Amino acid sequence: MRELERLSLGTREATLAPRTRIGILGVVIALTLALLVSRLWQLQILDGEDLRTISEKNRMRLIRTPPLRGVIYDRRGELLVDNRPSYDVILVPEDAPDIRKTIEALSRYVPTEEHLSDKIAVRDLRRPSYEGVLLAKDVPWQVIAAVETHQLEIPGVNIETGTRRDYLPNGFAAHILGYVGEISPRELAQAPGYRMGDLIGKFGIEKRWESILRGQGGGQQIEVDAAGKRLRVLGAVEATAGQSLVLTIEAELQRKAESLLEGGEGAIVALDVHTGEVLAMASRPMFDPNQFARGVTSSEWRSLVSDPLHPLNNRAIQGQYPPGSTFKVIMAAAALEKGVVTPATRFFCSGGIPFGNHFFHCWKKKGHGGVDLRQALAQSCDVYFYQVGQRLGIQAIADYAKRFGLGAPLGMGIDHELGGVIPDAAWKKARLGAPWYAGETLSVAIGQGYVTATPLQMAVVAATVANGGTVYRPHVVKRVLDDAGEPLKEYGPEVLQGTNIDPHTLQLVREGMIDVVNAPTGTGKKAKLLEVLVAGKTGTSQVIAGTKGKGTALARQFRDHAWFIAFAPADAPKIAVACLLEHAGAGGGAAAAPVVKEVLETYFAIARKEGTHADEVRQEAHLAF
Amino acid sequence: MKFDRRLISHFDWVLFLLILALLGAGILAVYSATYAGHRRFSSLAVRQMSWAAMGVGCLLVAFAVDYRRLERWVYVPYCLSLVLLVLVPLIGSSGGGARRWINLGAFSLQPSEVVKVALLLVLARFYHRHIPPAGYGLRDLLVPAVLAALPAALVLAEPNLGTTVILGLLFLTVTFAAGIRWSALALAVVAGGSVLPLLWHHMKPYQKQRVFSFLDPSQDPLGAGYHMIQSKVTIGSGMVWGKGFLQGTQNRLDFLPEKHTDFVFAVVAEEWGFIGAVALLALYGALLAKLLSIAWQARDRFGACLAVGAASAVFWQLLINLGMNLGVLPVVGVPLPLLSYGGSSLLTMMTCLGLALNVSTRRSLY
């Protein structure tokens, strides 16, 4: 019915929009336009004179000045990250009557970027023309001289001073310090208070401590003439420099650790056993943060990211390796605590034991004969720990491993820290959907199978045994300094958890670890020092379970990893060290123990040189900066 | 479908030329607003020209197919644009703190613009099909209100207050023209007014700040109030004759932010003065008068509603944009129809006008 009505011409009037309503709309629109015209009249005719005057005086601009970024010291006040002046070549389009000509002339003196004209084309969309376009970053003095002397040929081109982040050469502590770079659009969307072109910490300490290091930007109000040239400064807000950081790192020790890893892949971590302070944390291969400070090119970035050796990876906190026999330290403590063995319990090692339809080998084919706990640790007897593992069961092993800080990240204050894996039946069910087999417990008992840990975690294990059972959270920042160099905040020891293990148990473990280095049959004799009693534990972790063949006869990627963890002096521990060498092709005793020995040697040499109160003395010295 | 010669003989040249004139003014204004001092078209002006060309294409497409055939399909663009709006928070790209765009490779689409056309179409269809003899009461308006509220809520969530307001005004205007009862209108206005405090409560801090700085621009001269002060100075300093094309110092020295988009009118008013600004307003006035006369003369309610819708899309955006340029309304991001730089808003506007052209030309064909 309605359909008919709508189509029929006879009822046309009824189906149309009410014309009065359209008329009303017309009147409303006309009145509104009249109001807008009257407002224009008011602004342009009545107030026009005044507003024209204001616009002519409208010659004030805000120029931002970036803050000076805080610097970073080692624990003794050695400067690890500094700012240095840098000189950039800038083009102010407003001042260049013919941009093409200027650039052509300039290219005789300055190697400019390829896509310069694109860059300038982009400029006119986003940025005002008085704002400079960066033509070349951080140029050498020859270029500065050339630009200054040929100023007449290249109008609009200026040299602007800025600062660059300056890191020590050879990628010193690169994985800890990280680097800064220009803020990305994504970071910009998340970080309020930044602008395009600002620097922001991208990695390591530079990233995690960004808000402390950055400081507060300032600005200048400057007067410009009608052409946009700067006439004078009307007012200024000073930028506030960022706060500086003092790290717990001992630069000399760090340097030594890095040099010991030269040419290979691996990590070394040294900790103060009573505070969790990281004295050194080296990871190789590495990258050069200066490359980033300069501005990394896309091809450089690609080669870094696609490098099969992953130089950007911080192996000390991101490398998850089977701990191998170093795990026996935890097994020994668990066995004594659970009472499955006493110090006098002896097992006979004939070179392996049958279990299920498998034969589990000891690393020593001929067997160790009868061994007690202390001997089993010193000689790293696998058969002894197979027995212990069977008696403990996987749940107890996992429980004790977690008490020592394994199985979860320690929260050491640098991004991307990983936690390794401490497996148990529930973990396997959730992860692999399969039940736990008793034979797997035997693998775990000697630190193989699903168990993985980072070098940092194993250093914490050594430190925890050394200090009597407290897991301190490892940390790298010791204090924050204000811009006058006065301490603002201290970061002392933080107890992550107690192991809740009888001190006597740990004493027995320590004795075993002393024998590892000092007994005639010990596996870690290459870590022995003359003046200081060292305790340690070797480890050799298989990359592929059951690989036959030995040492350098194997293809590199199948060679075993070498581990050594240690603390010293064994009678009054101060420092704990963990060393992991990837695919070393030799056991922990042969490859990693001598490395740790050199780290300890260096540490005690520094301590002797500095005297007993070295830390305090150095602190005073550094406060005088 | 064969081509009907009468489409040419009855073509509404007046409307078409008015649109072209405004497009031309827009290209000049964007060229001037992005002029960088060297004799070269800024890439933005070039892009605006290609937008304009594509806009004419959209206009012709919207014109080509008999609008009465379109009526059956109006829910297709409506549903599509709703889907796009839902996708915005998921895959959209952000700018200035809000996610509003969907990246389509070569260009980015702003679904909140597209939804304007889609809403107009479904509203026109509804008012065409449901005609209570005594005018629309509130209960009759439930369906169109929901049709408008759905996209409006999604756009508000982006957040995009300006477009939300425009969608609401579009709905009100078309409903008013279709014949809402006066009593119902009064009730709706009162109800709408009581929602305002709620809306205020849900506004983002920066949006509230804009309202505050509208009430007292001197409070924050370097922040939100800066736009308003500079815009007023820019317009006023044009005086009667203006400073001349490309001679606007406020513009050239970049005291005016967003000058090629939301504040392009200020650039025109500075360079062409009162004379130029009023001439521009006269063009808009003529366009609006033309659109209303198309509505007046339309042969059916669907066509009339489309023409009223096109008129209200032009009018409200013009009013809000000029209002903020002239410092009489708070700064909300609403483009000046056909003049502001930007693809989505231009193409949408041209599509609306294409529909009006469609209605106008086919009036005498049947």
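Above this note sits the structure.
Residues numbered from 1 in each chain as written. Chains lettered and ligands numbered in written order. Predicted model: local features only at pLDDT ≥ 70, side-chain atom pairs only at ≥ 80, totals over all residues. Heavy atoms only, no water.

(A) Expanded view of the packing of aromatic side chains. Residue and element names in this part refer to chain B. The full count for this structure, using the stated rule, is 28 aromatic pairs over all chains. Look at Tyr75 and Tyr78: their rings are 6.3 Å apart centre to centre, the planes differ by 85°, and that puts the pair in the edge-to-face class. Taken together, the residues Tyr75 and Tyr78, both in helix H5 (residues 75-91) and three residues apart, mark about one turn of the helix. Plain terms: the ring middles of Tyr127 and Tyr136 are 5.1 Å apart, the flat faces sit at 75° to each other, and that makes the pair edge-to-face. (Phe/Tyr/Trp six-rings, centres within 6.5 Å; stacked < 30°, edge-to-face > 60°. Helix = DSSP H or I, 4+ residues; strand = E, 2+ residues; numbered from the N terminus.)

(B) Layout of helix H16 (residues 328-338) of chain A. All names here are of chain A. Here H16 lies mainly inside the structure; nine of its 11 residues are buried. Residues of H16 that are buried: Lys328, Val329, Ile330, Met331, Ala332, Ala333, Ala334, Ala335 and Leu336. In the segment just after H16, Gly339 is the residue with positive phi, at about 70°. (Buried < 20%, exposed > 50% of the residue type's maximum accessible area, 1.4 Å probe, protein only.)

(C) Inspection of the pairing of strand S19 (residues 487-490) of chain A at higher detail. With three bridges joining them, strand S18 (residues 477-481) of chain A and S19(A) adopt antiparallel strand pairing. Its bridge partner being in S19(A), A:Val480 is matched across the sheet by A:Lys489. (Pairing = 2+ DSSP bridges.)

(D) Fine view of the pattern of salt bridges. Residue and element names in this part refer to chain A. Within the structure shown, the criterion is met by 33 salt bridges over all chains. The partner of Arg164 in a salt bridge is Asp88, with the nearest N and O atoms 3.1 Å apart. Taken together, the residues Arg164 in strand S5 (residues 157-167) and Asp88 in strand S3 (residues 79-91) connect sequence positions 76 residues apart. For the salt bridge of Asp424 with Lys402, the shortest nitrogen-to-oxygen distance reads 4.0 Å. With a gap of 22 residues between them, Asp424 in the loop between helix H18 (382-403) and helix H19 (425-432) and Lys402 in helix H18 connect regions that are remote in the sequence. Salt bridges sharing partners connect three or more residues here, namely Arg69, Arg165, Glu206 and Glu210. (Salt bridge = Lys/Arg side-chain N within 4 Å of Asp/Glu carboxyl O.)

(E) Spotlight on the pairing of strand S23 (residues 575-581) of chain A. Residue and element names in this part refer to chain A. Of all seven residues in S23, seven are buried; the element is thus mostly enclosed. Because side chains alternate across S23, one face comprises the buried residues Ile575, Val577, Cys579 and Leu581, and the other comprises Ala576, Ala578 and Leu580, equally buried. Note: strand S11 (residues 266-272) against S23, seven bridges, orientation antiparallel. For Ala270, the partnering residue across the bridge sits in S23 and is Val577.

(F) Inspection of unusual backbone geometry at higher detail. Cis geometry is found at the peptide bond from A:Arg284 to A:Pro285, where omega equals -5°. Note that A:Pro285 resides in the loop between strand S12 (278-284) and helix H13 (289-294). Following A:Ala568, the chain continues to A:Pro569 via a peptide bond in cis, the omega torsion being -15°. Following the sequence through the fold, A:Pro569 ends up in the loop between strand S22 (561-568) and S23. We note that A:His310 has phi near 50°; this positive angle belongs to a residue other than glycine. Structurally, the position occupied by A:His310 is in the loop between helix H14 (298-306) and helix H15 (315-318). For A:His310, a relative accessible area of 42% puts it in the partly exposed group. Even without a glycine there, the phi angle at B:Met239 is positive, about 50°. Relative to the elements of secondary structure, B:Met239 occurs in the loop between helix H11 (224-236) and helix H12 (249-252).

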